[in-house]
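# Descriptive structure summary
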Amino acid sequence: MASSEPLDDRKRVKILIIGAGMAGLSAANHLAKNGMTDFLVLEASNKIGGRIFSAQTGKHRLELGANWIHGVLGNPLYEIAIANGLIDIVHVPKPHRIVAATEDGKQVPFGVLQEMYQAYVCFLRRCEEYFLCQYLPPEGINSVGEHLGLEMTLFLERVSDPVQRHLRSLIFRCLMKRETCIAGCHSMSDIDLLQLGSYTELQGGNIALPSGYSSILEPVSRLIPPQNILKKHPVATIRWRYSEELLLGKCVVSPGTDSGIDLRGLGDAGNESDDSDVTVTGETPPDISPNSSREPSSEKECISVVENININVSNNFKSEDESDCTVPESGIESKTEEEDLACPQGGSKTMGHSIPRRKKSRKRKSQQPNVEVVCENGQQFYADHVICCIPLGVLKAQASQMFCPPLPQFKLKSIDKLLYDTVDKIFLEYDRPFLNPEVSEVMLLWDSEECCSDANEMKNKWYRKIYSFSKISETLLLAWISGKEAEYMETLSHEEVAETCTDILRKFLNDPFVPKPRSCICTTWGSQPYTRGSYTAIAVGASQDDIDNVAQPLYSNDQQVKPVVLFAGEHTHSSFYSTVHGAYLTGRSAAQILLAPDSPEELILEADEDASDLSSWIQGIALQ
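Residues numbered from 1 in each chain as written. Predicted model: local features only at pLDDT ≥ 70, side-chain atom pairs only at ≥ 80, totals over all residues. Heavy atoms only, no water.

For the rest of this paragraph, the subject is the pairing of strand 20 (residues 519-522). Burial along strand 20 is one-sided: C520 and C522 are buried, while S519 and I521, pointing the other way, are not. Pairing analysis gives four bridges linking strand 16 (residues 423-429) to strand 20, with the strands arranged antiparallel. By the bridge assignment, F427 is partnered in strand 20 with I521. (Buried < 20%, exposed > 50% of the residue type's maximum accessible area, 1.4 Å probe, protein only. Helix = DSSP H or I, 4+ residues; strand = E, 2+ residues; numbered from the N terminus. Pairing = 2+ DSSP bridges.)

Helix length check: helix 4 (residues 144-156), at 13 residues, gives a terminal C-alpha distance of 18 Å against a target of 18 Å (1.5 Å per residue), a fit within 8%. Among the residues of helix 4, V144, G145, H147, L148, E151, M152, F155 and L156 are the ones counted as buried. Here the buried residues of helix 4 occupy an arc of 165 degrees about the axis, which is enough to place them on one side. Tucked into the core, helix 4 has its buried residues touching helix 3 (110-133) and helix 5 (162-183). (Expected span 1.5 Å × (residues − 1). Arc of directions from axis to C-beta. Contact = heavy atoms within 4.5 Å.)

Next up on the list: the packing of helix 4 against helix 5. Packed helices, taken two at a time, are described by the angle their axes make and the gap between the axes. Helix 5 packs onto helix 4 with a crossing angle of 160 degrees between their chain directions and a minimal axis gap of 11 Å. Classed by the angle they form, the pair helix 4 and helix 5 counts as roughly antiparallel. For the pair helix 4 and helix 5, the crossing hand works out as right-handed. Residues G145, L148, G149, M152 and L156 of helix 4 lie in contact with helix 5, whose contacting residues are R165, R168, S169, F172 and M176. (Axes fitted to C-alpha atoms, helices over the stretch in contact; angles between N-to-C directions. Parallel < 35°, antiparallel > 145°, perpendicular 65-115°, else oblique. Left-handed = near helix turned anticlockwise from the far one by under 90°.)

A few words now on the packing of aromatic side chains. One pass over the structure, following the stated rule, counts eleven aromatic pairs. An angle of 45 degrees between the planes, with centres 6.1 Å apart, marks the rings of F403 and F567 as tilted. Here F403 is found in strand 14 (residues 403-404), whereas its partner F567 is found in strand 22 (residues 565-567), with 164 residues between them in sequence. Exposure class is identical for F403 and F567. Each is buried. (Phe/Tyr/Trp six-rings, centres within 6.5 Å; stacked < 30°, edge-to-face > 60°.)

In this section: the confidence of the model for the protein. Here the protein averages 81 in pLDDT, while 74% of its residues score no lower than 70. Low pLDDT, under 50, characterises residues 1-9; the stretch is placed with 19 contacts to residues that sit more than four places away or in other chains. Below a pLDDT of 50 lies the segment residues 607-612, which in the model reaches four contacts outside its immediate sequence neighbourhood of four places, other chains included. (pLDDT = per-residue confidence, 0-100.)

On to the pairing of strand 13 (residues 380-388). Burial analysis of strand 13 places nine of its nine residues in the buried class, which makes it a mostly covered element. Across seven bridges, strand 1 (residues 11-18) lies against strand 13 in parallel orientation. The residue bridging K11 from the neighbouring strand is F381, located in strand 13. Pairing analysis gives four bridges linking strand 12 (residues 371-375) to strand 13, with the strands arranged antiparallel. Within the sheet, the bridge partner assigned to V371 lies in strand 13 and is A383. The hairpin turn running from strand 12 into strand 13, its antiparallel successor, is four residues long, and G378 in that turn takes a positive phi close to 95 degrees. Relative to strand 22, strand 13 runs parallel, the two being bridged by three bridges. Paired with I387 across the strands is L566, a residue of strand 22.

Structure below.
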């Protein structure tokens with residue numbers, strides 16, 4: 001049951017935003033920009049930015065989280081960075097020379113490396129065509145890894161020399177490991193083949209911010225009042241039918257029934273979770289063919305979908321936050337639930353903004369909040385709307401217990417089906433340079449498969465998932481690692497990781513004098529309690545429909561015009577998932593939905609009393 005503590009002793013706002021990552025900051029920024037400041041942002045950690053995290057060590061700035069702005073054309077983050085002078089427009093690219101070496105220290109001719117890279121890119125583009133062109137792959141081929149393996153097998157059949165064939169297969173496996181870090185998975189066999197092309201790549205390449213990716217957080221959060229962001233407030237429970245619990249909690253339970261409350265007034269006391277799907281407008285998500293193109297990929301289209309959904313809501317009712325209705329003090333009268341909750345239409349105030357009306361409308365005052373949010377520290381917050389920007393990894397671990405009543409089953413299934421794996425970075429900082437100044441990256445062509453079937457193999461082979469060491473500066477190297485090997489690496493000390501990486505470099509460079517790093521810094525996104533992974537991917541058997549399901553807002557009853565709970569974050573954008581700009585766009589869209597007026601503005605034009613008929617009145621209108 002709902003708490004009996006007076007609301008005056010606790011915090012009540014119009015909108016609660018859960019999470020101060022890019023999605024949450026974007027939502028808050030858009031609200032503040034439009035003059036709406038009756039909101040709070042609850043952030044679990046002690047910093048804003050989520051998976052954007054730049055750190056300074058010695059002379060180097062390390063990007064522990066997001067690395068680049070992905071694309072220029074149509075990327076709002078690029079526009080923000082340009083407008084605030086965060087990008088050096090006159091940028092001279094550094095020479096990029098890759099050295100590929102085998103375990104015995106032999107370097108591969110550059111021509112062979114270039115040949116394999118071009119072939120690999122061609123294979124990958126063919127995988128994307130299944131989504132874009134809507135045709136089916138060979139029977140039994142369901143994952144990107146399986147299709148790339150088939151392509152590679154056919155390619156290598158044309159190479160007669162077994163030594164050259166083996167060398168090319170090593171390069172191919174190295175590129176596959178690199179792809180797992182790009183896609184965000186343990187193996188490319190985890191990625192659904194038919195959905196690879198669903199990700200929309202913006203033109204312009206990857207852009208790094210010279211002052212660090214975290215510098216983008218200042219302009220995004222500039223308009224947000226500092227007191228509106230509460231850090232160290234991890235959320236434990238979201239009661240998204242709180243107002244109905246207050247209303248229906250006064251019902252007397254019939255003898256012989258369960259002692260629960262009937263949230264729908266349908267005589268099913270104690271089983272409110274059984275019909276939780278009903279709380280979402282459109283209980284069954286739209287039936288989208290697996291071969292159809294993705295649903296709205298732009299912010300404008302997302303808002304249009306929600307507006308279309310709202311058309312299905314009865315026009316005889318307004319949202320609870322505009323209700324004039326009061327709860328009877330002595331039980332529920334013998335009226336239907338609709339009669340109890342029905343209210344006159346009208347209203348002239350939405351989201352803190354006055355809406356000009358020529359027709360005088362009846363104003364109503366909010367009675368009860370729609371949502372109660374309880375934090376782990378025991379603090380309670382109340383709001384009419386919640387924008388949930390919790391990362392997918394945390395939703396996977398806690399969604400079934402966090403929401404009360406539970407989320408609809410189709411939403412929980414989609415959360416479970418989507419992939420949210422770990423991608424980590426290993427930074428090695430040195431006192432002096434040791435690589436040839438012309439070399440920018442060392443690719444590692446391991447001579448055996450990286451797959452580890454048990455803990456003992458993982459202990460001895462985890463490092464074989466590292467596919468290269470790239471040069472950030474003359475004294476700073478970066479290695480990427482993904483999947484189960486990354487999760488295992490997080491259990492090791494930085495000293496152990498540094499020693500292992502030193503042995504690897506000495507072996508592949510055939511140089512026993514490669515120095516040990518002065519410091520080693522490893523990310524731990526998989527074990528961080530408020531992220532539990534890195535970014536979203538579409539697993540085998542999942543689709544864009546699952547992203548749309550996760551993004552679908554919740555209505556606690558059929559009378560609400562605006563959702564009670566909206567979802568934002570990179571995992572809720574069906575074509576920009578895994579990106580910061582995807583998170584930004586979804587946060588802004590959620591805020592825009594709540595800022596929109598509850599109903600179209602009424603405009604009444606009255607004819608002059610002297611007008612004898614309609615035609616003469618129309619003729620008297622002066623066209624400006």
